[in-house]
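# Summary of structural features
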Amino acid sequence: MSGLPTSASVATALAGGKLHAPSADRNVGPIVEMLRNVAPAKGRALEIASGTGQHVLAMARALPDIDWHPTEVATDRIASIDAYAAEAALPNLHPARSLDAATTGWAAAHTPYDLIYLGNLLHLIPTPAAETVLTEAAKALTRQGMLILYGPFRHAGALTSEGDIKFDAELRAANPAIGYKDDTWVKEVLTSAGLTLSLHDMPANNLAFIASRSTP
């Protein structure tokens, strides 16, 4: 992903093609706990922008009755996901597929999913691309499917911590088209896509959006 500051994506190469991101270790616990509380009991799940693969590995271990399908754009990330998956040998964790979720029309090429998870991406891409990601994800859900978004957002137009202010400024300095999206804007896009949603506060000023076609 081009046009990002170094603070946006820090990953160290490990043996066997695996990549390790310290930030993934920091937030994986709360994310997995949130998914245990709100995710469907079983079904097919798509993770958009799986990154190094650390998160989808933890999610597949924690939710063994869900079949997880990780995706990525970058080839080194795909290799890392597959390296983690091969080492773990979990029956519900499938090989990574290449997917640019900001491309219009991708949902039509996928069998609908019961769960779609997207973490820490929207602030790294321009607003039109983020809107495409959300609208296509909504189309890729089953009739009772659930879309879960996680990451940092503006709250009613404002940033609420010094860390968020600094990181958002770094993002916009590297690429003026990117930066934190507003939670109100995300709500409007998801509602227009036919989803109902609720918001959950997460550690470190992050938010989780829980959206579905059924009433929460």
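The following paragraphs examine the structure supplied in this document.

Over its 13 residues, helix H5 (residues 162–174) runs 19 Å from end to end, which matches the ideal 18 Å to within 8%, given 1.5 Å per residue. Among the residues making up H5, those that are buried are Asp 164, Phe 167, Asp 168 and Leu 171. The arc that holds the buried residues of H5, viewed along the axis, is 100 degrees, so those residues lie on one side. In H5, those exposed residues whose orientation departs by more than 90 degrees from the buried face are Glu 162, Lys 166 and Ala 173. Elements that come into contact with the buried residues of H5 comprise strand E7 (141–152).

A separate point is the pairing of E7. Across the twelve residues of E7, ten count as buried, placing the element largely inside the fold. Relative to E7, strand E6 (residues 113–119) runs parallel, the two being bridged by six bridges. Paired with Tyr 117 across the two strands is Ile 148, which belongs to E7. Since E6 and E7 lie parallel, the crossover through helix H4 (residues 127–139) that links them has a hand, and here it is right-handed.

Within an α-helix, residues lying three or four positions from one another point in the same direction, as the helix has 3.6 residues per turn. Along its 14 residues, helix H3 (residues 75–88) runs 20 Å from first to last C-alpha, staying within 8% of the 20 Å computed at 1.5 Å per residue. Regarding H3, the residues found buried are Arg 77, Ile 78, Ser 80, Ile 81, Ala 83, Tyr 84 and Ala 85. Along its buried surface, H3 packs onto strand E2 (19–20), helix H2 (54–62), strand E4 (66–72) and strand E5 (97–98).

Attention now moves to the side chain of Gln 54. For Gln 54, the position within the fold is in helix H2. A polar side-chain atom of Gln 54 sits 2.8 Å from a polar atom in the side chain of Thr 52. Non-local contacts of Gln 54, meaning those with residues more than four positions away in its chain, are made with Leu 19, His 20, Ala 21, Ala 24, Asp 25 and Tyr 84.

If you look at the biggest cluster of nonpolar residues, it comprises 31 residues, and the most contacted ones within it are Ile 48, Trp 106, Ile 116, Leu 147 and Leu 149. Looking at this core, the elements that each hand over two or more residues are strand E3 (43–48), E6, H4, E7, helix H6 (183–192) and strand E9 (206–212). Counting residues per element, this core draws most heavily on H4, which supplies six residues. Setting aside its immediate chain neighbours within four residues, Ile 48 contacts Thr 71, Ala 101, Trp 106, Ile 116, Tyr 117, Leu 118, Leu 121, Val 133 and Ala 137. In this structure, Val 32, Ile 78, Ile 81 and Leu 90 belong to the second largest nonpolar core, which totals 30 residues.

Evaluated as defined, the whole model comprises two aromatic pairs. Seen from their ring centres, Phe 153 and Phe 209 are 4.9 Å apart, and the 75 degrees between their planes marks the pair as edge-to-face. Remark: Phe 209 occurs in strand E9 and Phe 153 occurs in the loop between E7 and H5; sequence separation between them is 56 residues. Residue Phe 209 is classed as buried on the basis of its relative accessible area of 0%. Ring geometry for Phe 167 against Tyr 180: centres 6.2 Å apart, planes inclined by 80 degrees, an arrangement best described as edge-to-face. Of this pair, Phe 167 sits in helix H5 while Tyr 180 sits in the loop between H5 and H6, and the two are 13 residues apart along the sequence. Owing to a relative accessible area of 4%, Tyr 180 belongs among the buried residues under this scheme.

For E3, a buried count of five out of six residues is recorded, marking the element as mostly surrounded by other parts of the structure. For the crossover that starts at E3, traverses H2 and ends in the parallel E4, the hand is right-handed. Relative to E6, E3 runs parallel, the two sharing four bridges. Its bridge partner being in E6, Glu 47 is matched across the sheet by Tyr 117.

We note that Ala 89 has phi near 55 degrees; this positive angle belongs to a residue other than glycine. Position of Ala 89 relative to the elements: it lies in the loop between H3 and E5. You can call Ala 89 exposed: its relative accessible area is 59%. Positive phi values are uncommon outside glycine, yet Asn 120 reaches one of about 55 degrees. For Asn 120, the position within the fold is in the loop between E6 and H4. The exposure class assigned to Asn 120 is partly exposed, which follows from its relative accessible area of 27%.

Conventions we followed
- Residues numbered from 1 in each chain as written.
- Predicted model: local features only at pLDDT ≥ 70, side-chain atom pairs only at ≥ 80, totals over all residues.
- Heavy atoms only, no water.
- Helix = DSSP H or I, 4+ residues; strand = E, 2+ residues; numbered from the N terminus.
- Expected span 1.5 Å × (residues − 1).
- Buried < 20%, exposed > 50% of the residue type's maximum accessible area, 1.4 Å probe, protein only.
- Arc of directions from axis to C-beta.
- Contact = heavy atoms within 4.5 Å.
- Pairing = 2+ DSSP bridges.
- Right-handed = clockwise from strand over helix to strand, strands pointing away.
- Polar contact = N/O pair within 3.5 Å; in protein donor to acceptor, adjacent residues only side chain to side chain.
- Core = buried A, V, L, I, M, F, W, Y, C linked by side-chain atoms within 4.5 Å.
- Phe/Tyr/Trp six-rings, centres within 6.5 Å; stacked < 30°, edge-to-face > 60°.

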